[in-house]
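Each chain is listed here by its residues.
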Amino acid sequence: MINWRALDNVPILLYILAAKTLLLCLAFAGAKLYQQKKAEAALKQQMEMKRKLAQQTQELIDKKDD
């Protein structure tokens, strides 16, 4: 026979499962944002280094022309 009293806890278990799923989704979204910001900062730093190198090269060329 089926124990019908055991089914009384099913809604609570479903709420717990939904809350756990929501927390996991938020955690993964937060991790993705963190990685994106980290990659963006690295790209920005790389572009700044390239800009400085180009500026130094241009200054050397200008000095050579004088």
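Structure's up top.
What comes next is a walk through the structure. (Residues numbered from 1 in each chain as written. Predicted model: local features only at pLDDT ≥ 70, side-chain atom pairs only at ≥ 80, totals over all residues. Heavy atoms only, no water.)

Scanning the protein for helices and strands turns up 1 helix and 0 strands. Relative to a compact globule of 66 residues, whose C-alpha radius of gyration would be 11 Å, the protein shows 29 Å and is clearly more extended. Looking at the protein as a whole, 0% of its 66 residues are labelled buried. Summed over all atoms, the accessible surface of the protein reaches about 6,900 Å², with 66% contributed by carbon and sulfur. On the protein, the mean spot of the 11 positive side-chain charges and the mean spot of the 7 negative ones are 13 Å from each other. (Helix = DSSP H or I, 4+ residues; strand = E, 2+ residues; numbered from the N terminus. Rg over C-alpha atoms; globule rule 2.2 N^0.38 Å. Buried < 20%, exposed > 50% of the residue type's maximum accessible area, 1.4 Å probe, protein only. Areas by Shrake-Rupley, 256 points an atom, 1.4 Å probe, with all protein chains shown as cover. Lys, Arg positive; Asp, Glu negative; His and termini not counted. Charge placed at Lys NZ, Arg CZ, Asp CG, Glu CD.)

All told, the structure shown has 1 salt bridge when counted by the stated rule. Among the ionic pairs, E48 bridges to R51, the shortest N-O distance being 2.5 Å. With E48 and R51 both in helix α1 (residues 10–65) and 3 residues apart, the pair spans about one turn of that helix. E48 gets classed as partly exposed once you look at its relative accessible area, which sits at 33%. On the accessibility criterion, R51 (44% relative accessible area) is partly exposed. (Salt bridge = Lys/Arg side-chain N within 4 Å of Asp/Glu carboxyl O.)

Structurally, L17 can be placed in helix α1. For L17, a relative accessible area of 48% puts it in the partly exposed group. Spatially, the C-alpha atoms of L17 and W4 are 21 Å apart, while their sequence positions differ by 13 residues.

Nothing here speaks to function; it is geometry throughout.
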